[in-house]
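# Results of the structural survey
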Amino acid sequence: MATWQRVLDRAGITAPALREDYTLQRRLIAEFERAPYLAVRLLLPDSVVPHVVAATAFMHHSDNILDQGSPADRAAAFTDWEKAVRTALETGTSDSPVLRALLNTAQAYPQLPGDIEGYLTGAAPHELNFHGFATEDDFQTYVDGYSLPAFMLVAGLLAPAEPQYRSLARTFIEAWQRLDFLDDLAEDLHRDSRLGLPADALARHGVTRSDLEAARPSDGVRELIRETAALVGDGLRASRSLPGLVPAPNRPLIRALIALQEIRLRAVEKSGLALLHGSARLPVVRALRVLAREYAGRRRGRRQLV
């Protein structure tokens, strides 16, 4: 694996101040998003890595603003952030290292400003004051308005956003988002008073929000978890053709992301009713094997091209 300075060189990022901006984003992502950062470093071409780091750092920073503080404080802070982002895109300058790196990446990927706008448009309406979904349709609206635009900030850097690619990317992120809500069930309820499982799904199994908050086990809760996990599995299986729509150098990362979510799903299914008390534990050894397998395959592919 190349040094970070060599990675910046290969991405054509030569200005000292700009290199420092990217380096700062890299440190933040490496600290708070360790597993995704490791996957990006191991499995993507060096020339792409800083740009994925910049897009991920922007999303991470934006989501922190949406998540921290009272509803009024979060709304005001995100309004200010939206204004700063749009001003930066219009002027090409910013006093924020997050946005300076993002602006440089937008020069390399002209579609990125459109993806940024899509994210900004959907983030506040769908995340601020979110407490749950009445129906499955509400969940689907959330995926379209927030989850997919957020995912496309990075996914849009890995392949041209042709209709088929965007459609399969949506299938994948829907499964991933549904798995997040299921795996984080206890934490979301007790920390943020959020429930990501639609109320109509609970009603179908005779389960109430109070049952979940009180961690009351029942056959209905067991079936609710099983049904939700089955929907995740369907989505992940349908996503397995997504790597074929991505340029060959970027495929290892997409394959790994899908495989890692499949491993996580199996852990969630095994946990079952224990999800009422906390998230499933990801089998770290299995996850590392996925990264090692894809990294080894990437190295073999590079040697064949030499």
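Described below are features of the structure shown in this document.

### Notes on the environment of Ala-292
Within the secondary structure layout, Ala-292 lies in helix α15 (residues 284-305). When the C-alpha atoms of Ala-292 and Pro-113 are compared, they prove to be 34 Å apart, with 179 residues separating the residues in sequence.

### Brief notes about the side chain of Asp-46
With respect to the element layout, Asp-46 can be found in the loop between α3 (34-43) and α4 (49-67). Taking the relative accessible area as the measure of exposure, Asp-46 reaches 11% and is therefore buried. Ignoring anything within four residues of it in the chain, the contact list for Asp-46 reads Ala-2, Val-7, Arg-10, Ala-11 and Arg-298.

### A look at empty space enclosed by the protein
Enumeration over the complete set of coordinates arrives at one cavity of 30 Å³ or more. Roughly 40 Å³ of volume is contained in the largest cavity. Taken together, Phe-151, Val-154, Ala-155, Leu-158, Leu-253, Ile-254 and Leu-257 make up the lining of the largest cavity. For the lining of the largest cavity, the secondary-structure elements that each account for two or more residues are α8 (136-158) and α14 (251-271). The biggest single contributor to the lining of the largest cavity is α8, with four residues. Here the residues of the lining of the largest cavity sort into seven nonpolar, no polar and no charged.

### A short note on the packing of aromatic side chains
One pass over the structure, following the stated rule, counts 15 aromatic pairs. Here Phe-130 and Phe-133 contribute two aromatic rings whose centre-to-centre distance is 4.8 Å and whose plane-to-plane angle is 50°, an arrangement assigned as tilted. Across the pair, exposure class does not vary: Phe-130 and Phe-133 are buried alike.

### Quick look at a positive patch on the surface
Positive charge collects at one region of the surface, where Arg-266, Lys-270, Arg-286 and Arg-289 lie side by side. For the positive patch, the secondary-structure elements that each account for two or more residues are α14 and α15. Relative to the helices and strands, Arg-266 resides in helix α14. Overall, the relative accessible area of 44% leaves Arg-266 in the partly exposed class.

Calculation rules
Residues numbered from 1 in each chain as written. Predicted model: local features only at pLDDT ≥ 70, side-chain atom pairs only at ≥ 80, totals over all residues. Heavy atoms only, no water. Helix = DSSP H or I, 4+ residues; strand = E, 2+ residues; numbered from the N terminus. Buried < 20%, exposed > 50% of the residue type's maximum accessible area, 1.4 Å probe, protein only. Contact = heavy atoms within 4.5 Å. 1 Å grid on protein atoms, 1.4 Å probe; cavity = no way out; pocket = protein on both sides within 12 Å on 5 of 7 lines; lining within 4 Å. Points joined across faces, edges and corners; volume = space filled by probe spheres on them. Nonpolar A, V, L, I, M, F, W, Y, C, P; charged D, E, K, R; others polar. Phe/Tyr/Trp six-rings, centres within 6.5 Å; stacked < 30°, edge-to-face > 60°. Patch = residues over 30% accessible without salt bridge, like charges linked within 9 Å, V, L, I, M, F, W, Y side chains within 5 Å. Areas by Shrake-Rupley, 256 points an atom, 1.4 Å probe, with all protein chains shown as cover. Salt bridge = Lys/Arg side-chain N within 4 Å of Asp/Glu carboxyl O. Lys, Arg positive; Asp, Glu negative; His and termini not counted. Charge placed at Lys NZ, Arg CZ, Asp CG, Glu CD.

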